[in-house]
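Survey of secondary and tertiary structure
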Amino acid sequence: MDVKVYEGEDFESVVEKAKKELGENAYILYYEVEKRGIPPFRKKYFRVFFSVNGDDNQKLEGGSSQDIQKVEREIEELKQLVSEIKDVVSNTSNVPLPVPDHIDSGVSLDKEILTEFAGDAVELIQHLVKKGVKPEVAVEIVKESCGLDIETEKLDLNASSFKEALLKGISAKIKFTGDFKPRRGEKTVYVFVGPTGVGKTTNLFKLASKFVIEEDLNVGIITTDTFKVAAVQQVREYAHVLNVPYFVVSDSKKMREVAEKLEDLDVILIDTVGRSHYDYWRLGEIKVTLSGLNVPFNVLLLLSCNYETSEAIEVINRYRSFFPVNSLFLTKLDETSKPGNLLNLPFISSLPLSYVSTGQRVPEDLKVLSPETITDILLGK
Ligand SMILES: Nc1nc2c(ncn2[C@@H]2O[C@H](COP(=O)(O)OP(=O)(O)OP(=O)(O)O)[C@@H](O)[C@H]2O)c(=O)[nH]1
Ligand SMILES: [Mg+2]
């Protein structure tokens, strides 16, 4: 199927012109509307995508040998893709999930906590648990700044404040990537993966803005999200505002071609389509598309702070069996009163934290994660 694009200010005349030139069999695949000009003189501008070979079946039966060869080639390519995805899925879906022992202790922690800790230590653990931190995670973090109290023979804080205790515990137990600082000329690639609607596209553009505006780097965007019509438009609009090149890539071959073209860029940000962590087939598809990249890439797994911890760990483990996840990027902090996942997820998965998003505004609502940021969030600063 060939696709032709017609543009203009009047939808009806665009369609009329296309039908005249392409024939009555051409049909509309989808269209986009843009508003151009300065208010109040704004005008609508239509971009309409037509399928040229509307009657593909007829063409197949009565078509030339060239047409038939083309269709046969496409079928071969599809078969090849299906077999590649099958390989990826069968090699990855049975990987044992790396859940550390300490998370599945199954004992009554409340009782344990009270026999082991006293005074301020108990108070701090209780505060963390109220904020959604798992008791077993809170205990391990608080323990870092405890000493044995001779009178009670229990562990109590030896830090001068909750803030100092938390900073010490978080620094010791949680890993952080720190702010990303890609260097000019090194072509650093970041890939954004994660379940549907967690904020991959929005937050990719927050980082892109930072690289363009603050670091003055040459940035390019690739989206593999050809699944939703609106997704390509979303990326195009953001890329237009930032004045950076963007590319839409549907398979590994196209990925290779595009990546080769981008030699002069400092940073490439790749947006992927949101997929359920139970959908092995679709995750395999993303992995196959990424295999076209001929340079190392850094994978950010995005997860909403709202997720129930055990579900989020399930997502992490399943994504991890497909992609070499380098860091966790948490989102929608503004939508929860229990931000405990900021500690639960990196502690349980042993993955480093990179960023947290705190709202919908691009580029403002983005924070680099560090022991200081998390301490402030958990102590309510
Ligand atoms: N409140 C809040 N909303 C956010 C945040 N980050 C993103 N969003 C919103 O979440 C919605 C989904 O964001 P997208 O960036 O499209 O999410 P996505 O992961 O790319 O979605 P798919 O491509 O469909 O998988 C949008 O309305 C965003 O504005 C955040 O930190 N807080
Ligand atoms: Mg998206």
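The numbering scheme is per chain: residues are counted from 1 as the chain's sequence reads. Here chains are named by letter from A upward and ligands by number from 1 upward, in the order in which they appear as written. Restriction of local features to residues with pLDDT of at least 70 applies here, the model being predicted, together with a cutoff of 80 or more for giving and counting side-chain atom pairs; totals for whole chains, interfaces and linings are based on all residues.

1. Considering the overall build of the protein
Our working definition: Only DSSP runs of H or I reaching four residues or more are called helices, and only runs of E reaching two or more are called strands; each is numbered from the N terminus. Whether a residue is buried, exposed or partly exposed follows from its count of other C-beta atoms within 10 Å of its own C-beta, namely 20 or more, 12 or fewer, or something in between, respectively; the C-beta atoms are built from the backbone. Whether two residues are in contact is decided by their C-beta atoms, placed from the backbone, lying within 7 Å.
The helix and strand inventory of the protein stands at 14 helices and 13 strands. Split into buried and exposed, the 381 residues of the protein put 34% on the buried side. In the protein, of all internal contacts separated by at least 6 residues, the share reaching a separation of at least 24 is 75%.

2. Let's talk about the site of ligand 1
For the record, the criterion: Each residue receives a C-beta atom placed from its backbone. It is near a molecule or strand if this atom lies within 6 Å of it. For this classification, the nonpolar set comprises Ala, Val, Leu, Ile, Met, Phe, Trp, Tyr, Cys and Pro, the charged set comprises Asp, Glu, Lys and Arg, and every other residue, Gly included, is treated as polar.
Contacts to ligand 1 come from 21 residues, most closely from G199, T201, T202, G274 and S357. The biggest single contributor to the shell around ligand 1 is helix α8 (residues 200-214), with 4 residues. Grouping the amino acids of the shell around ligand 1 by side-chain chemistry returns 3 nonpolar, 12 polar and 6 charged.

3. Some thoughts on the packing of helix α12 (residues 309-320) against helix α13 (residues 341-349)
Under the convention used in this document: An axis is simply a line fitted to the C-alpha atoms; with a helix, the fit covers only the stretch in contact. Between two such axes, the angle follows the N-to-C directions and lies from 0 to 180 degrees. Any angle that falls under 35 degrees is termed roughly parallel, while one over 145 is termed roughly antiparallel, one within 65 to 115 roughly perpendicular, and all others oblique. Definitions for this section: a left-handed crossing has its near helix turned counterclockwise from the far helix by less than a right angle. A right-handed crossing has that turn clockwise.
Contact geometry of α12 with α13 gives a least axis separation of 10 Å together with a crossing angle of 45°. Classified by the angle between their axes, α12 and α13 sit oblique to one another. Crossing handedness for the pair α12 and α13: right-handed. For the pair α12 and α13, contact is made by T309, A312, I313 and I316 and by N341, N344, L345, I348 and S349, respectively.

4. As for α12
To keep things clear, this is the line we draw: Each helix should span, by expectation, one fewer than its residue count multiplied by 1.5 Å.
Compared with the 16 Å implied by 1.5 Å per residue over 12 residues, the 16 Å span of α12 between its first and last C-alpha is a close match. Within α12 the residues assigned to the buried category are A312, I313, V315, I316, R318 and Y319. Next to the buried residues of α12 lie β6 (188-193), β10 (298-304), β11 (325-331) and α13.

5. Some details on the sheet that holds strand β13 (residues 366-368)
Strand pairing within a sheet occurs via backbone hydrogen bonds; the two strands may be parallel or antiparallel. The following threshold applies: In this analysis, strands are considered paired if DSSP registers two or more bridges between them.
If you walk across this open sheet you meet the 8 strands as β8-β7-β9-β6-β10-β11-β12-β13, and the pairing is mixed. In this open sheet, the two edge strands, each paired with only one partner strand, are β8 (246-248) and β13. Taken pair by pair, the neighbouring strands of this sheet meet at an average axis angle of 25°, ignoring direction. In the sheet, β6 pairs with β10 via 4 bridges, with the strands oriented parallel. Looking at the pairing, Y190 lines up with N298 of β10. Those strands touched by α12 are β6, β10 and β11, and its axis lies near 160° from that of β10.

6. Observations regarding the pairing of strand β7 (residues 219-223)
Among the 5 residues that make up β7, 5 are buried, leaving the element largely enclosed by the rest of the structure. Residue alternation in β7 divides its side chains into two sets, V219, I221 and T223 and G220 and I222, and both sets are buried. Sheet analysis places β7 next to strand β9 (residues 267-271), joined by 5 bridges and oriented parallel. Looking across to β9, one finds that I222 is bridged to I270. As defined by bridge partners, β7 adjoins β8 across 3 bridges and the pair is classed as parallel. Across the sheet, residue I221 finds its bridge partner in β8, namely Y246.

7. Section: α13
Helical geometry: 3.6 residues make up each α-helical turn, so side chains three or four residues apart lie on a common side. Among the 9 residues in α13, 9 count as buried, and that is most of the element. Listed in full, the buried residues belonging to α13 are N341, L342, L343, N344, L345, P346, F347, I348 and S349. At the C-terminal side of α13, S350 shows a positive phi close to 60°.

8. Structural notes on the packing of helix α7 (residues 162-173) against helix α14 (residues 371-378)
Where α7 meets α14, the closest approach of the two axes is 9 Å, and the angle between their N-to-C directions is 135°. Considering their axes alone, α7 and α14 lie oblique with respect to each other. By crossing handedness, the relation of α7 to α14 is classed as right-handed. Of the residues in α14, those touching α7 at K163, L166, L167, I170 and S171 are P371, E372, I374, T375 and L378. Taken together, the residues of the contact of α7 with α14 sort by class into 6 nonpolar, 2 polar and 2 charged.

9. Some points on the pairing of β10
A large share of β10 lies buried, amounting to 6 of its 7 residues. Bridging between β10 and β11 involves 6 bridges; their strand directions are parallel. Directly across from L303, in β11, lies its bridge partner L330.

10. Things to note about the confidence of the model for the protein
Rules: For every residue, the predictor assigns a confidence score, pLDDT, that lies between 0 and 100.
Residues of the protein with pLDDT of at least 70 account for 89%, and the chain-wide mean is 86. A low-confidence stretch, residues 54-62 stays under pLDDT 50, and its non-local contacts, those more than four residues away or across chains, total 8 contacts. Scored below 50 in pLDDT, residues 97-108 makes 11 contacts in the model with residues more than four places away or belonging to other chains.

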